[in-house]
Amino acid sequence: MSEPLLEIKDLVVEYHTDEADVHALNGISLSLDKGETLGLVGETGAGKTTTALSIMRLLPKKIGEIKNGQILFEGENLLDKTEAQMRLIRGESISMIFQDPMTSLNPVMRVGDQILEALRLHRPDMSKAEQQKKVDEMLEMVGIPAARKREYPHQFSGGMKQRVVIAIALALEPKLLIADEPTTALDVTIQAQVLQMMSDLKTKLDTSMLLITHDLGVVSQTCDKVAVMYAGEVVEYGRAEDIFLGKQHHPYTEGLFGSLPELNATAKRLSPINGLMPDPMALPEGCKFHPRCPHCTERCKKEIPAVHQDGEHMIRCHLMDKEVR
Amino acid sequence: MATPMLEIKHLKKYFSTPAGQLHAVDDVSLTIEAGQTLGVVGESGCGKSTLGRTVLRLLEPTSGEVLYNGTDITKFNRKQMVAARQELQMIFQDPYASLNPRLSVAEIIAEPLIVNKKYKNKKEMYERVGQLMETVGLAPRLMNSYPHELDGGRRQRIGVARALATDPRFIVCDEPVSALDVSIQAQILNLLMDLQDQQGLSYMFITHDLSVVKHISSHIAVMYLGRCVEYAETEELFAHPMHPYTQALLAAIPVIDITRRGKKWETLQGEVTSPINPAPGCRFAPRCKYACEGCHAGNMELLQISAGHWVACPYAR
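Notes on the structure in this doc start here. Note that the coordinates shown come from a computational prediction; the quantities given were computed from them, not determined experimentally.

**Description of the overall build of chain B**
Now for step 1: Helix and strand content of chain B: nine helices and twelve strands.
Now for step 2: Taking 2.2 N^0.38 as the reference for a compact globule, 317 residues should give roughly 20 Å; the C-alpha atoms of chain B span a radius of gyration of 21 Å, in line with that estimate.
Now for step 3: For chain B, the spread of C-alpha atoms along the three principal axes comes to 70 × 50 × 45 Å.
Now for step 4: When the 317 residues of chain B are sorted by exposure, 55% land in the buried category.
Now for step 5: By sequence separation, contacts in chain B at least 24 residues apart represent 65% of the contacts at least 6 residues apart.

**What to know about the packing of aromatic side chains**
Residue and element names in this part refer to chain A.
Now for step 1: What the rule picks out here adds up to seven aromatic pairs over all chains.
Now for step 2: Among the aromatic residues, those joined into a cluster by ring pairs are Tyr230, Tyr252 and Phe289.
Now for step 3: Lying over the aromatic face of Phe156, Arg148 brings its terminal NZ or CZ to 4.3 Å of the ring centre.

**A short note on the side chain of Asn190(B)**
Now for step 1: Locating Asn190(B) in the fold gives a position in helix α6 (residues 182-199).
Now for step 2: With relative accessibility at 4%, the residue Asn190(B) sits in the buried group.
Now for step 3: In this structure, Asn190(B) is in contact with Arg269(A), Leu270(A) and Pro272(A), ignoring residues within four places of it in sequence.

**Here's the deal with the pairing of strand β3 (residues 37-41) of chain B**
Residue and element names in this part refer to chain B.
Now for step 1: Where burial is concerned, most of β3 is hidden: five out of the five residues are buried.
Now for step 2: Because side chains alternate across β3, one face comprises the buried residues Thr37, Gly39 and Val41, and the other comprises Leu38 and Val40, equally buried.
Now for step 3: As paired strands, β3 and strand β8 (residues 202-207) are joined by five bridges and run parallel to one another. Looking at the pairing, Gly39 lines up with Phe205 of β8.

**Some remarks on the interface of chain B and chain A**
Now for step 1: Of the residues lining the interface, 41 residues belong to chain B; the matching set on chain A comes to 46 residues.
Now for step 2: Taking both partners together, chain B and chain A bury about 3,900 Å²; carbon and sulfur atoms supply 57% of that area.
Now for step 3: It is Ile256(B), Arg261(B) and Trp265(B) that lose the most area in chain B upon contact with chain A, and together they represent 18% of the buried surface on that side.
Now for step 4: The interface formed by chain B and chain A contains zero salt bridges.
Now for step 5: Here chain B and chain A share nine residue pairs in polar contact (both at pLDDT 80 or more) between them.

**Overview of the packing of helix α3 (residues 111-122) of chain A against helix α4 (residues 128-141) of chain A**
Residues and elements named next belong to chain A.
Now for step 1: Running from amino to carboxyl end, α3 crosses α4 at an angle of 125°, the nearest separation of the two axes being 9 Å. Relative to α4, α3 is oriented oblique. In the packing of α3 onto α4, the handedness of the crossing is right-handed. Between α3 and α4, the residues in contact are Gly112, Ile115, Leu116, Leu119 and Arg120 and Gln131, Gln132, Lys134, Val135, Met138 and Leu139, respectively.
Now for step 2: Here the contact of α3 with α4 is built from residues that sort into six nonpolar, three polar and two charged.

**Some remarks on the sheet that holds strand β1 (residues 6-17) of chain B**
Residues and elements named next belong to chain B.
Now for step 1: Spatially, the four strands line up as an open sheet ordered β2-β1-β4-β5, and their pairing is antiparallel. The two strands at the open ends of the sheet, each matched to only one other strand, are β2 (20-32) and β5 (71-72).
Now for step 2: Its contacts with the sheet place helix α1 (residues 48-55) against β1, β2 and β4 (63-68), and it is angled at close to 115° to β1.

**What about the pattern of salt bridges?**
Now for step 1: Counted by the stated rule, this structure contains 28 salt bridges over all chains.
Now for step 2: Across the pair Asp242(A) and Arg239(A) runs a salt bridge whose closest N-O atoms are separated by 3.5 Å.
Now for step 3: Residue classification places Asp242(A) among the buried positions, given a relative accessible area of 13%.
Now for step 4: For Glu127(B), the salt bridge identified is with Lys123(B), shortest N-O distance 3.6 Å.

**Comments concerning α6(B)**
All names here are of chain B.
Now for step 1: Taking 1.5 Å per residue, 18 residues should reach 26 Å; α6 reaches 25 Å between its end C-alpha atoms and fits that length.
Now for step 2: α6 sits mainly inside the fold: 14 of its 18 residues count as buried.
Now for step 3: At the exit of α6 stands Gly200, carrying a positive phi of roughly 60°.

**A short note on the sheet that holds strand β1 (residues 6-16) of chain A**
Residues and elements named next belong to chain A.
Now for step 1: In space, the four strands of this open sheet follow the order β2-β1-β4-β5, with antiparallel pairing throughout. In the strand order of this sheet, the two ends are held by β2 (21-32) and β5 (76-77), each with one partner.
Now for step 2: In this sheet, β5 lies alongside strand β4 (residues 64-73) in antiparallel orientation, the contact comprising two bridges. By the bridge assignment for β5, Leu72 is matched with Asn77.

**Some points on the nonpolar core**
All names here are of chain A.
Now for step 1: Membership of the largest hydrophobic core comes to 83 residues, with the highest contact counts inside it found for Ile166 and Val226.
Now for step 2: In terms of residue count, the dominant contributor to this core is helix α6 (residues 188-205) (eight residues).
Now for step 3: Excluding anything up to four places from it in sequence, Ile166 contacts Ile97, Val142, Val194, Met197, Met198 and Leu201.

**Focus: unusual backbone geometry**
Now for step 1: Although it is not a glycine, Asp10(A) sits at a positive phi angle of roughly 50°.
Now for step 2: Residue placement: Asp10(A) occurs in strand β1.
Now for step 3: Look at Asp10(A) and you get partly exposed, because its relative accessible area is 40%.
Now for step 4: Although it is not a glycine, Lys117(B) adopts a positive phi angle of roughly 45°.
Now for step 5: For Lys117(B), the location among the structural elements is in the loop between α3 (105-115) and α4 (122-135).

Calculation rules
- Every chain begins its residue count from 1, and numbering advances along the sequence as written.
- The order in which chains are written sets their letters, starting at A; the order in which ligands are written sets their numbers, starting at 1.
- Predicted model: local features are reported for residues with pLDDT of at least 70 only, side-chain atom pairs are reported and counted for 80 or more only, and whole-chain, interface and lining totals are derived from all residues.
- Hydrogens and waters are ignored; side-chain quantities use all the structure's heavy atoms.
- Comment: elements are numbered from the N terminus, with helices defined as DSSP H or I runs of at least four residues and strands as E runs of at least two.
- Throughout, the radius of gyration refers to the C-alpha atoms, and the reference size of a globule is 2.2 Å times the residue count to the power 0.38.
- Only protein chains enter the accessibility calculation, which uses a 1.4 Å probe; a residue whose area is less than 20% of its type maximum is buried, one above 50% is exposed, and one in between is partly exposed.
- Working rule for contacts: check all heavy atoms of both residues, and any pair within 4.5 Å makes them a contact.
- Stacked, tilted and edge-to-face pairs are distinguished by plane angle, under 30 degrees for stacked and over 60 for edge-to-face with tilted covering the rest, among Phe, Tyr and Trp rings (Trp via its six-membered ring) whose centres lie within 6.5 Å.
- In this scheme, Lys NZ or Arg CZ marks a charge over a ring once it lies within 6 Å of the ring centre and within 35 degrees of the ring normal.
- Any two strands between which DSSP finds at least two bridges are classified as paired.
- Two parts placed together each lose some accessible area under a 1.4 Å probe, and adding up what both lose gives the buried area.
- Note on definitions: salt bridges are taken to be side-chain nitrogens of Lys or Arg within 4 Å of carboxyl oxygens of Asp or Glu.
- What qualifies as a polar contact is a pair of N or O atoms within 3.5 Å, subject to a donor-acceptor requirement within protein and to the restriction that residues adjacent in sequence count only when both atoms come from side chains.
- Orientation is described by axes fitted as lines to C-alpha atoms, over the contacting stretch for helices, and by angles from 0 to 180 degrees between their N-to-C directions.
- Throughout this description, any angle smaller than 35 degrees is read as roughly parallel, any larger than 145 degrees as roughly antiparallel, any in the 65 to 115 degree range as roughly perpendicular, and the remainder as oblique.
- Note on convention: the crossing is left-handed when the near helix lies turned anticlockwise from the far helix by less than a right angle, right-handed when the turn is clockwise.
- Note that Gly is not counted as nonpolar here; it falls among the polar residues with everything else outside the nonpolar set of Ala, Val, Leu, Ile, Met, Phe, Trp, Tyr, Cys and Pro and the charged set of Asp, Glu, Lys and Arg.
- Working rule for helices: expected span equals 1.5 Å times residues minus one.
- We call a set of buried Ala, Val, Leu, Ile, Met, Phe, Trp, Tyr and Cys residues a nonpolar core when their side-chain atoms join them within 4.5 Å.

That is the geometry; function is a separate question.
Here it is in C-alpha cells:
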C-alpha cells in the first residue's frame, strides 16, 4: 500500500493556563490516504479543533505546546519544520477552512483581493493578469459571478462568504484541506449546497480532506473514514461502514447515536449520555469515559484501555477484551 | 369545538428600515391546543423568532390577534399583560446571553417570583427556587453559583427553571437546544417532554432543526420569508410534505445513511430573497423548481389539502 498522505502518531498537546495544564490531546493517532475524506467527530472540547491547529502548527504561542508525537505529511514530520518552512506549506500544501465564515474574512478587503493574497504570496512568478484570471476562475468555481470580486464581505450572505473562504483555501490547489465545521453556521439548504460543492471540488482537484464536525449525518454522507474523539483521545476509528454499520462500538459512540433525534425513528424518549464532558484540567483516571459509561467496571476506573483492532476498525475500550477476537 | 388554548390570527409584524418595510411575519394564523407542541421550522431570517416574540408581545404586533383562552392579549394594557405573562413564558436560544451574569442562579430563578410578588417571605421563596431547581435537574449546591461557572446545558436548565417559576401554561421555546452539544441537547429535550407530561404544558417550539422538531412536536408549521407555507400534524408532514419548500428542506437534512455517500444532494438553488418590500405572489417562487406564471401574482393562501393539512401552494398535490 502507498504511503499515507497524513499520518499523526501519538500526538500529545497541552495548553498551559494560570490555573493548570489543560490536557487537550492525549496521544491520538490517525492516518489519511490520498483522495480520502476523514471525519473527526466529537462534542465541544473533544480536541477536534486542537488536532487541526496542530497540523497547521497554528496553536497559540506559549500557551499551546505539542508535548509528544509526530505529524507526518508526505513522510516528513511537520513538527520539525521551521516557521519559514511552515509558511510555504500552509495554503500551498495544506489549507484550512474555519468554522465561522462571518469572522474568517477580512471585512475591509475586497473578496477578490483576499483570494489574490494567497496567489501573490505563493505564486510570485505568475503575472498580474494571470493572477486575476485565476481569481475569476476560483470565484466561478465556487458559484460566485466573477464580477462580484470587487465587493466586500458584508455584501455577501453567510453561504456566499463560506464559498469565498473555500475559494481562498483551494486557490493554490492544496493536497490536504482541513475543514473545521465548515457548515455549522449555515442553514440546511445552504449547507447542502456547500457540501455538494466541496465534494465536487474535492473530486475535481483530487484533494484529501479532514472534515471536523459534530454532525453525524454530514459525516455519514461525505466521509470515507471516521474518528470519534472524546476528551482528547480517539475512542473509535474506522471506515464509515464500520462506524455506521458495524456491530461493535465504543459506548461513547453508542451514546452519540442514542442522543440524536432521528428523522426516521419514532422513539419517544432520547437516550442521552448522562453527565458532562470531563474537565480537561482534571481528567479521570483509567478510561476517560468511565464516569459517564453505562457499562463501567472497576477495571475501567483504574486501567487505561488498550486499543482493539479489527481490520481497520479500532476501538479503545475494556469491554472489547472479551468480545472482539 | 372548545376554544383552543392559543390562537394566532392574521398576525403581522413589519419593521421599518431605510430601504422599506421589512415583512418579518406576514399574515400568520396558527392554533395550539392545550398540552400540545407546535413546532415552527424555517431557516434564518424566515421570521420564526419574531413570531415567537410577537405572540408574547415582547414585540408589538403590527396587526392581528393573539387569542389566549379566547381573549385577545394584544389589547391588554400593561398591568393585564404582566398578569398574563405569568402563564405565558419563554425560553431563549442562547443560554449564555439570556442570563444576567451578575445574578446568582437562585436570584435568576427567583426574579419572576419577586416581580409577580408570589411569596410572603424569603424563606418560602427560596423553598420554591429549590423545588424548581430539583424539577429541572440542577443540584441545590449550585444555588449560589453564577452563570459563568456553569456549562451550556446547566445554564439552559436555569432558563427552563426561570420559565417554570410562575406555573405557566404555555412556553415559547426559541431554539432552546441549538447552542448545545448533541448529548446535552438530548438531555434538555427529554426534560422538556417530561415537564409537558407532568404539568400539561403547551409549547411553541421554534427551531431550524427538523429532526428535533419531529421528535418533540405534535404539529408543525413551516415558515418561509414571514409566511407559513405548510401546517400539518407531524406524522402527516413528514409522510406527505406538500409544499416544494418543505420537500427541499427535508431533502437537505443530512440523515445518517452511508448508502447516500457520493451521491448528489438534491440542493435548492439560490438563496432567500429579501423580506424588504417582497414581491407579490409566492415568496418561494424564485427558488422553486415548479414555479410558473401564476406563482408570481396573487397571494398564496393556506389551502386545506386533506384533513388538518394546510399548504400555501395551489399546485401542491
